[in-house]
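Summary of the model geometry
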Amino acid sequence: MGTAGGLSKKETLLSTPGEIGDLWELYLQARGVKKEREPEDE
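The structure reproduced in this document is the subject of the present report. (Residues numbered from 1 in each chain as written. Predicted model: local features only at pLDDT ≥ 70, side-chain atom pairs only at ≥ 80, totals over all residues. Heavy atoms only, no water.)

What to know about the overall build of the chain
When you go through the chain residue by residue, the secondary structure sums to 2 helices and 0 strands. Scored against the burial criterion, the 42 residues of the chain give a buried share of 10%. With the model as given, the accessible surface of the chain reaches about 4100 Å², and the carbon-plus-sulfur share is 52%. (Helix = DSSP H or I, 4+ residues; strand = E, 2+ residues; numbered from the N terminus. Buried < 20%, exposed > 50% of the residue type's maximum accessible area, 1.4 Å probe, protein only. Areas by Shrake-Rupley, 256 points an atom, 1.4 Å probe, with all protein chains shown as cover.)

Below you can see the structure in the form of structure tokens.
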């Protein structure tokens with residue numbers, strides 16, 4: 001996921017999971033992938 005966001009393999013391995021998750025979200029947003037909404041509990 002990190003390499004898709006522009007990081008090298010080494011940078012990806014040394015990054016925190018939160019960093020990679022944020023980068024992945026930005027990658028998906030840039031490509032127009034919409035996140036499905038989670039159903040709300042009533």
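Back to the text.
Digging into helix α2 (residues 17-30)
For α2, spanning 14 residues, the distance from its first C-alpha to its last is 20 Å, which sits close to the expected 20 Å at 1.5 Å a residue. Count one or two residues on from α2 and you reach Gly-32, which has phi positive near 80 degrees. (Expected span 1.5 Å × (residues − 1).)

Let's talk about the packing of aromatic side chains
As enumerated under the stated definition, the model contains 1 aromatic pair in all. For the pair Trp-24 and Tyr-27, a centre-to-centre distance of 5.2 Å together with 20 degrees between the ring planes defines the contact as stacked. Taken as a pair, Trp-24 and Tyr-27 lie in helix α2 at a separation of 3 residues, close to a single helical turn. Overall, the relative accessible area of 27% leaves Trp-24 in the partly exposed class. With relative accessibility at 24%, the residue Tyr-27 sits in the partly exposed group. (Phe/Tyr/Trp six-rings, centres within 6.5 Å; stacked < 30°, edge-to-face > 60°.)

Notes on the side chain of Ser-15
If you trace the backbone, Ser-15 turns up in the loop between α1 (9-14) and α2. Since its relative accessible area comes to 18%, Ser-15 is described here as buried. A polar contact is formed between the side chain of Ser-15 and the backbone oxygen of Glu-11, at a distance of 2.5 Å. Setting aside its immediate chain neighbours within four residues, Ser-15 contacts Leu-7 and Ile-20. (Polar contact = N/O pair within 3.5 Å; in protein donor to acceptor, adjacent residues only side chain to side chain. Contact = heavy atoms within 4.5 Å.)

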